[in-house]
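Observations on the model geometry
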Number of protein chains: 4
Amino acid sequence: MVVANHIAGKIERGELKLGQRLPSELDLAEQYGVARMTVRRAMKELRERGLIRSVHGKGTYVQQPDPPAENVDR
Amino acid sequence: MVVANHIAGKIERGELKLGQRLPSELDLAEQYGVARMTVRRAMKELRERGLIRSVHGKGTYVQQPDPPAENVDR
Amino acid sequence: MVVANHIAGKIERGELKLGQRLPSELDLAEQYGVARMTVRRAMKELRERGLIRSVHGKGTYVQQPDPPAENVDR
Amino acid sequence: MVVANHIAGKIERGELKLGQRLPSELDLAEQYGVARMTVRRAMKELRERGLIRSVHGKGTYVQQPDPPAENVDR
DNA sequence: GTGGTCTAGACCACA
DNA sequence: GTGGTCTAGACCACT
């Protein structure tokens, strides 16, 4: 999960800001020198961690920097 | 094919009647919250199923409520 | 041909530069307060005068400022 | 439908043989100088004509050189 | 002002 | 790395 962690780090350090669009999966694959599938697996990981949000046909966006937030309702 | 099936359902349930004009593709796109191209793919599907008929420059109309049905005997 | 002439003027005065993209036909129609058809007729006029070039699915672009140029070959 | 017809011609003239794999949609888009979506529309057309068969994740293949033909006797 | 075609480029699913 | 689906938005053709 080197790709996922690398991107997660960027988000947590604020290098990628909330709402910002990530490079496309193809671009990321090239940048990291890995296959598209590997990038997609990393994206899935980050999506499940709640760090990014993918929008079909548009792109994937940074969603939250870190804290679970626990805004249950209130 | 959620859009196509949703509209097909309306036609089959008689909520959209024979000869009735559907909203424009642009309106449908807004209503369903999708891009116009997605609506057009759905329209193509329905056209091929024989449920609607599109007239260039005019609109698209309900053509049949149900399949051929072939209830010949019985 | 008020729309065509207005845009032609802009091109000739250099307010619209070579290679620049014009607003979409829809936007132009709104800006001039006319129907889309009127804009399209104006675009056709300008295309025939060699002032603009339309690219399907992309946009229409300024092509030449004015002179017929007569670059026959040489 | 220039792309569809061009490829259909190749198939019918036997330049593309039964079972042969076509270039990828991306390659065809480059070869014909059109967008991939345009190639896909052409492929859909050819699929419906029964000339090709697309396999998700693998490629698209020539299926028949000619229509059913019905050369039963003779 | 509608449907028709196209661009450019994203994410998705499969093998 | 291919085909599959989608976005957003342009010009085209018709009525």
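You'll find the structure just up there.
Quick summary incoming for the structure in this document.

Reading the values: rules and limits
Residues numbered from 1 in each chain as written. Chains lettered and ligands numbered in written order. Predicted model: local features only at pLDDT ≥ 70, side-chain atom pairs only at ≥ 80, totals over all residues. Heavy atoms only, no water. Helix = DSSP H or I, 4+ residues; strand = E, 2+ residues; numbered from the N terminus. Buried < 20%, exposed > 50% of the residue type's maximum accessible area, 1.4 Å probe, protein only. Contact = heavy atoms within 4.5 Å. Near = heavy atom within 4 Å. Polar contact = N/O pair within 3.5 Å; in protein donor to acceptor, adjacent residues only side chain to side chain. Nonpolar A, V, L, I, M, F, W, Y, C, P; charged D, E, K, R; others polar. Buried area = accessible area lost by both parts, 1.4 Å probe. Salt bridge = Lys/Arg side-chain N within 4 Å of Asp/Glu carboxyl O. Least-squares fit on C-alpha atoms with pLDDT ≥ 70 in both. Arc of directions from axis to C-beta. Pairing = 2+ DSSP bridges.

**A look at the overall build of chain A**
- When helices and strands are counted, chain A shows three helices and two strands.
- When the helices and strands of chain A are placed in sequence order, the string is α-α-α-β-β.
- For chain A, the proportion of its 74 residues judged to be buried stands at 27%.
- Considering only residue pairs separated by 6 or more positions, chain A has 52% of its internal contacts joining residues 24 or more positions apart.

**Focus on the protein's contact with DNA strand F**
- The environment of DNA strand F is formed by 40 residues, the closest being His56(A), Thr38(B), Arg40(C), Arg36(D) and Arg40(D).
- Within 4 Å of the protein, atoms of DNA strand F come from sugar and phosphate in 63% of cases.
- Contact between DNA strand F and Ala35(B): a phosphate oxygen at 2.8 Å from a main-chain N or O atom of the residue.
- Taking His56(B), its side chain carries an N or O atom lying 2.7 Å from a base nitrogen of DNA strand F.
- For the surface near DNA strand F, the secondary structure elements donating two or more residues are helix H3 (36–48) of chain A, helix H3 (36–48) of chain B, helix H3 (36–48), strand S1 (52–55) and strand S2 (59–62) of chain C together with helix H3 (36–48), strand S1 (52–55) and strand S2 (59–62) of chain D.
- For the surface near DNA strand F, the per-class residue count stands at eight nonpolar, 17 polar and 15 charged.

**Describing the interface of chain D and chain B**
- Counting residues at the interface gives four residues for chain D, matched by four residues for chain B.
- Here chain D packs against chain B, burying approximately 210 Å² in sum over the two surfaces, 35% of which is carbon and sulfur.
- Among the residues of chain D in contact with chain B, Met37(D), Lys44(D) and Glu48(D) are the three that bury the most area, contributing 87% of the side total.
- In this structure, the salt-bridge partner of Glu48(B) is Lys44(D), at a minimum N-O distance of 3.9 Å.

**Some words on the pattern of salt bridges**
- All chains considered together, the criterion is met by 20 salt bridges over all chains.
- A salt bridge links Arg13(A) to Glu15(A), with the nearest nitrogen and oxygen atoms 2.7 Å apart.
- The partly exposed category is assigned to Glu15(A), whose relative accessible area is 46%.
- Measuring nitrogen to oxygen at the nearest pair gives 2.9 Å for the salt bridge that ties Glu25(B) to Arg36(B).

**A word on the relation of the copies chain D and chain B**
- Under the fitted operation, chain D is carried onto chain B by 0.0 Å of movement along the axis and a turn of 180°, and the coordinates agree to an RMSD of 0.0 Å. Here the transformation between the copies is reduced to the relation of a two-fold axis.
- Most of the interface of chain D is mirrored in chain B, where 100% of its interface residues again form contacts.

**Things to note about helix H2 (residues 25–32) of chain D**
All names here are of chain D.
- Buried residues of H2: Glu25, Leu28 and Ala29, and no others. One face of H2 carries all of its buried residues, which in axial projection span an arc of 105°. Facing away from the buried surface of H2 by more than 90 degrees, the exposed residues are Leu26, Glu30 and Gln31.
- Structurally, H2 contributes buried residues whose contacts are with helix H1 (2–12) and H3.
- Phi turns positive, to about 65°, at Gly33, one or two residues after H2.

**Side note on the environment of Arg13(C)**
All names here are of chain C.
- With respect to the element layout, Arg13 can be found in the loop between helix H1 (2–12) and helix H2 (25–32).
- With relative accessibility at 53%, the residue Arg13 sits in the exposed group.
- Placed 47 residues apart in sequence, Arg13 and Thr60 show a C-alpha to C-alpha distance of 18 Å.
- A distance of 2.7 Å separates a polar atom in the side chain of Arg13 from a polar atom in the side chain of Glu15.

**Comments concerning the pairing of S2(C)**
Residue and element names in this part refer to chain C.
- As judged from the four bridges shared by S1 and S2, these two strands associate in the antiparallel manner. Residue pairing for S2: Arg53 is matched across the bridge by Tyr61.
- Linking two consecutive strands that pair antiparallel, namely S1 and S2, is a turn of three residues; a positive phi of about 80° is found at Gly57 within it.

**Some thoughts on the protein's contact with DNA strand E**
- As a structural note, the neighbourhood of DNA strand E is formed by 40 residues, with Arg40(A), Arg36(B), Arg40(B), His56(C) and Thr38(D) the closest of them.
- The sugar-phosphate backbone supplies 63% of the atoms of DNA strand E found within 4 Å of the protein.
- Note that a phosphate oxygen of DNA strand E is positioned 3.5 Å from one of the backbone N or O atoms of Thr60(A).
- Here a sugar or linking oxygen of DNA strand E and a backbone polar atom of Gly57(C) are 3.4 Å apart.
- Sorting the residues of the surface near DNA strand E by element identifies H3, strand S1 (52–55) and strand S2 (59–62) of chain A, H3, strand S1 (52–55) and strand S2 (59–62) of chain B, H3 of chain C together with H3 of chain D as the ones contributing at least two each.
- Grouping the constituent residues of the surface near DNA strand E by class yields eight nonpolar, 17 polar and 15 charged.

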